[in-house]
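Remarks on the overall topology
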Amino acid sequence: MSYQSPALNVMIAAARKAGRPLVRDFGELENLQISMKGPADFVTSADKRTEKILIDELSHARPNYGFLAEECGAIEGKDKSHRFIIDPIDGTTNFMHGVPHFAISIGLEREGQLVNGVIYNPVTDDLYFAEKNHGAYLNNKRLRVTARKEMAPSLFATGMPFLGKEGHARASAEIAAVTSVSSGIRRFGAASLDLAYVAAGRFDGFWERGLQPWDVAAGIVLLREAGGMVTDMHGGTDMLTGGTILCANENLHPQLLKLLKGVTA
Ligand code: IPD
Ligand code: CA
C-alpha cells in the first residue's frame, strides 16, 4: 500500500480537481480546430484557469506556502521553507493538437529539497506520485526504473527545441549519437511524463535541454524514489534551475552522460 502524507494528499486532491475541467476543455478542442482563430487562445485560458484552481486549492490547505508556477511566476509565502512548483499543463502543444499526452505537474520543496511530486494525466486518469523516502507509484502500483545495463536494448526519450528555441543542431547530433547505439528514441512532448515513464520502467532514460523548474520538479522526486539517477547534463545537481536534465538507471546513467558529453555540434 502506498504511503501518502497529508501534504501529498493535498497535492493529489488539487491535481484531480483541476483535471476535471481540463478534460472537458480537451473534449471541446475538436470543435475549435476548425474555427478561424484556432485553439491557441482557448488553450491559454485553460492553462491559466488550471493554474488558478491549483493555487486556490493548495493555498486553501497550506495558506503560508510559496509558489513557483509557469503562468504567474513566483509567489512568496510567509513560510519560507515550503514552496509548490507547478506546471498547469505540461505538454501544451499536445493538448492543443488533441493529443492526450499532457499532465498537471506539482512538486513540493521543503528547506530547498524536493520532497513530493504529483504528475497527473487527467485524460488517461494516470496519477503518478512520490514522497521522499516512501517510494514512487502509478495509481497504486510501486514504480521501479529498468535494470538494463547495456545501451543496445535500451529505449530513450528526449525533448527537442522547436520554432523560436535554440540548439537545433546540437539536439540533432545528440539524437544521432544515441539512436546509433540504442533501441531508439521517443519524443512524446511532455517532460514531466517523460520523467514519469523512466520512473515506471517504460523508458530506460531521458535527457533534455532548455527546461524550466516546473517541467521537472515533480518528476525528479518520482525518479529518485523509483531508484533512478538524475543529474543535470554536466553530471551535477543543478537540474531544477540549470535548464538541463539527464536520468536513467544507475548502470545507464554514466553511459548516457558520457556519450552526450562527447557530442559536439
Ligand atoms: C514543454 C514540454 C515539452 C518540452 C518543452 C517544455 P509545456 O512544456 O515539457 O516536452 O520539450 O521544453 O517547454 O510548454 O508544454 O508546458
Ligand atoms: Ca512544461
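**Regarding the sheet that holds strand β5 (residues 113-121)**
Sheet strands pair by backbone hydrogen bonding; their relative direction is either parallel or antiparallel. Overall, mixed pairing links the eight strands, which are arranged β2-β1-β3-β4-β5-β6-β7-β8 in an open sheet. Edge strands, defined here as strands with exactly one partner in the open sheet, are β2 (73-75) and β8 (141-142). Judged from the six bridges that link them, β5 and strand β6 (residues 126-131) form a sheet pairing that is antiparallel. Of the residues in β6, the one forming a bridge with Gly 117 is Ala 130. On top of the sheet, helix α2 (residues 40-61) reaches β1 (65-69), β2, β3 (79-90) and β4 (103-110); it is set at about 150° to β3, its chief contact. This element, helix α6 (residues 213-225), spans β1, β3, β4, β5, β6, β7 (136-138) and β8 of the sheet and lies at about 105° to β5.

**Quick look at the domain arrangement of the protein chain**
Note: interface size is frequently given as the accessible area lost on complex formation between the parts. Domain annotation for the protein chain reports domain 1 (6-142) and domain 2 (155-261). Between domain 1 and domain 2, the C-alpha centre-to-centre distance is 21 Å. The partner domain 2 presents 21 residues to the 35 residues of domain 1 that form the contact. When residues of domain 1 are sorted by the area they lose upon contact with domain 2, His 101, Leu 114 and Tyr 128 head the list and together hold 29% of the total. On the surface where domain 1 and domain 2 come into contact, there are zero salt bridges. Linking domain 1 to domain 2 there are seven residue pairs in polar contact (both at pLDDT 80 or more). Of all the secondary-structure elements, those providing two or more residues to the side of domain 1 that touches domain 2 are β1, β3, β4, β5, β6 and β7. Take the side of domain 1 that touches domain 2: its biggest share by element is seven residues, from β5. Of the residues contributing to the side of domain 1 that touches domain 2, the split by class is 17 nonpolar, eleven polar and seven charged.

**A look at the pattern of salt bridges**
In total, this model carries eight salt bridges according to the counting rule given. Between Glu 76 and Lys 80 there is a salt bridge, and its shortest N-O distance comes to 2.9 Å. Owing to a relative accessible area of 66%, Glu 76 belongs among the exposed residues under this scheme. Among the ionic pairs, Glu 174 bridges to Arg 209, the shortest N-O distance being 2.7 Å. Taken together, the residues Glu 174 in helix α4 (residues 168-179) and Arg 209 in strand β11 (residues 205-209) connect sequence positions 35 residues apart. Classification of Glu 174 as buried rests on a relative accessible area of 3%.

**Regarding the sheet that holds strand β9 (residues 156-158)**
On the basis of which strands lie adjacent, the open sheet formed by five strands has the order β10-β9-β11-β13-β12 and mixed pairing. The open sheet has two free edges, formed respectively by β10 (185-186) and β12 (229-231), since each of these has just one partner strand. With five bridges connecting them, β11 and strand β13 (residues 244-248) associate as antiparallel partners. Across the sheet, Gly 205 pairs through a bridge with Ala 248, a residue of β13. Against the sheet, α4 makes contact with β9, β10 and β11, and its axis sits at roughly 165° relative to β11, the strand it touches most. The strands touched by α6 within the sheet are β12 and β13, with β12 carrying the most contacts at an inclination of about 145°.

**Quick look at the coordination of the calcium ion (ligand 2)**
Here the calcium ion (ligand 2) is held by the protein donor atoms Asp 87 (OD), Asp 90 (OD) and Asp 215 (OD), which lie 2.1 to 2.3 Å from it. On the primary sequence, the residues serving as donors to the calcium ion (ligand 2) are separated as D-x2-D-x124-D. As far as burial versus exposure is concerned, Asp 87 and Asp 90 are alike and both buried.

**Things to note about the site of ligand 1**
The environment of ligand 1 is made up of 14 residues, and the closest members are Asp 90, Gly 91, Thr 92, Ala 191 and Glu 208. At 3.3 Å from an oxygen atom of ligand 1 is found a side-chain nitrogen or oxygen belonging to Asp 87. In the model, an oxygen atom of ligand 1 is placed 3.1 Å from a nitrogen or oxygen of the Ala 190 main chain. Protein chains shield 87% of the accessible area of ligand 1, which is 380 Å² for the free molecule. Of all the elements, β3 adds the most residues to the shell around ligand 1, at three residues. Partitioned by chemical class, the residues of the shell around ligand 1 number four nonpolar, three polar and seven charged. Built from parts of two domains, the shell around ligand 1 gets at least three residues from each of domain 1 (6-142) and domain 2 (155-261).

Conventions we followed
Position labels on residues start from 1 in each chain and follow its written sequence. Ligands are numbered from 1 and chains lettered from A, in the order in which they are written. Local features in a predicted model are, by the rule used here, given only for residues with pLDDT of at least 70; side-chain atom pairs are given and counted only at 80 or more, and totals for whole chains, interfaces and linings are based on all residues. To obtain the side-chain values, all non-hydrogen atoms of the structure were used and water was disregarded. Here the rule is simple: two strands pair whenever DSSP picks up at least two bridges between them. Secondary structure elements are taken from DSSP: a helix is a run of H or I of four residues or more, a strand is a run of E of two residues or more, and numbering for both begins at the N terminus. The criterion used for residue contact is that any of the two residues' heavy atoms lie within 4.5 Å. All axes here are fitted lines through C-alpha atoms, helices being fitted over the stretch that makes contact, and every angle between N-to-C directions spans 0 to 180 degrees. The split of the chain into domains comes from an automatic or database domain assignment. By definition, the buried area sums, over both parts, the 1.4 Å-probe accessible area that each loses when the two are put together. Salt bridges, as used here, are contacts in which a Lys or Arg side-chain nitrogen is within 4 Å of a carboxyl oxygen on Asp or Glu. Counting of polar contacts relies on pairs of N or O atoms within 3.5 Å, with two restrictions inside protein: one atom must be capable of donating a hydrogen and the other of accepting it, and residues adjacent in sequence are counted only when both atoms are side-chain atoms. Here the term charged refers only to Asp, Glu, Lys and Arg, the term nonpolar to Ala, Val, Leu, Ile, Met, Phe, Trp, Tyr, Cys and Pro, and the term polar to all other amino acids, Gly among them. The rule is simple: take the accessible area with a 1.4 Å probe, protein chains only, and divide by the maximum for that residue type; under 20% is buried, over 50% is exposed, in between is partly exposed. Metal donors were taken as nitrogen, oxygen and sulfur atoms no farther than 2.8 Å from the ion, or 3.2 Å where the ion is Na, K or Ca. Water is excluded, so coordination may look unfinished. We call a residue near a molecule or strand when any one of its heavy atoms sits within 4 Å of it. Each accessible area is a Shrake-Rupley result for a 1.4 Å probe, and residues are judged covered by the shown protein chains and nothing else.

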